[in-house]
Amino acid sequence: MSTPMKARLGALAATLAVATTTVIGGAGTAAAADSFSFGYVTNTSGDAFISVRNNSWGEAAGNAMWQKDPSGSEPGDALSAYDVLADGYGIEVHLSTGRVATTRGHGSPYSVTVTGNLPEDTGYTMWVCVVKGDFSKCSEKYTVRS
């Protein structure tokens with residue numbers, strides 16, 4: 001990961017730490033009676049971050065991240081899923097292009113990033129789901145730009 005990308009990720013994570021306490025929505029009940037909620041934040045670079053919280057456990061479960069590539073160079077726009085809680089659920093991030101980054105089937109902690117260039121300055125929809133077997137609880141859909 002490049003230094004500018006690490007800096008952007010750090011700044012976005014810091015912003016999310018503040019926003020997560022006030023931007024929570026989409027709570028639901030899971031098949032195993034676990035409850036999840038989601039928080040969403042963007043930064044001035046156009047990166048987007050969706051936090052996932054396992055309310056039953058009282059802990060952050062993971063997150064999803066969209067990082068646009070302003071230069072249009074490789075590795076391009078990145079969609080990432082991070083599973084940070086060993087609660088038996090995976091984190092699956094979707095982009096309206098069909099791109100998916102998933103931690104399904106992997107032990108926690110685990111992260112995965114799927115990259116590729118997309119046409120610049122184009123809007124897409126991003127959402128994250130908590131998954132386990134046939135169970136899926138998803139966040140709202142948010143617009144992101146390449």
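Novice: Explain the overall build of the chain to me, using residue names and the numbers behind them.
Specialist: Along its length, the chain carries 1 helix and 11 strands. Reading the secondary structure of the chain in the N-to-C direction produces α-β-β-β-β-β-β-β-β-β-β-β. Burial status across the chain gives 43% buried among its 146 residues. Expressed as a percentage of contacts within the chain between residues at least 6 apart in sequence, the contacts between residues at least 24 apart total 48%. When the accessible surface of the chain is summed, it comes to about 6,800 Å², and 55% of that surface belongs to carbon and sulfur atoms.

Novice: Could you give an account of the environment of Y124, with specific residues and numbers?
Specialist: In this structure, Y124 sits in strand β9 (residues 123-132). Judged by relative accessible area, Y124 falls into the buried class, the value being 10%. C-alpha of Y124 to C-alpha of R145: the two residues are 21 residues apart in sequence and 6.0 Å apart in space. When neighbours within four sequence positions are excluded, Y124 is seen to be in contact with L95, S96, T97, L118, P119, Y142, T143, V144 and S146.

Novice: Which residues make up the state of the cysteines, and what values do they have?
Specialist: Applying the stated criterion across every chain, the model contains 1 disulfide. Covalently, C129 is tied to C138 through a disulfide, its sulfur atoms 2.0 Å apart. Since a negative S-S torsion denotes a left-handed disulfide, the C129-C138 link at about 100° is right-handed. Taking relative accessible area as the criterion, C129 reaches 3% and is therefore assigned buried. By relative accessible area, which is 32% here, C138 ends up partly exposed.

Reading the values: rules and limits
- Residues numbered from 1 in each chain as written.
- Predicted model: local features only at pLDDT ≥ 70, side-chain atom pairs only at ≥ 80, totals over all residues.
- Heavy atoms only, no water.
- Helix = DSSP H or I, 4+ residues; strand = E, 2+ residues; numbered from the N terminus.
- Buried < 20%, exposed > 50% of the residue type's maximum accessible area, 1.4 Å probe, protein only.
- Contact = heavy atoms within 4.5 Å.
- Areas by Shrake-Rupley, 256 points an atom, 1.4 Å probe, with all protein chains shown as cover.
- Disulfide = S-S within 2.5 Å.

In short, the description is geometric, and any link to function would need to be established separately.
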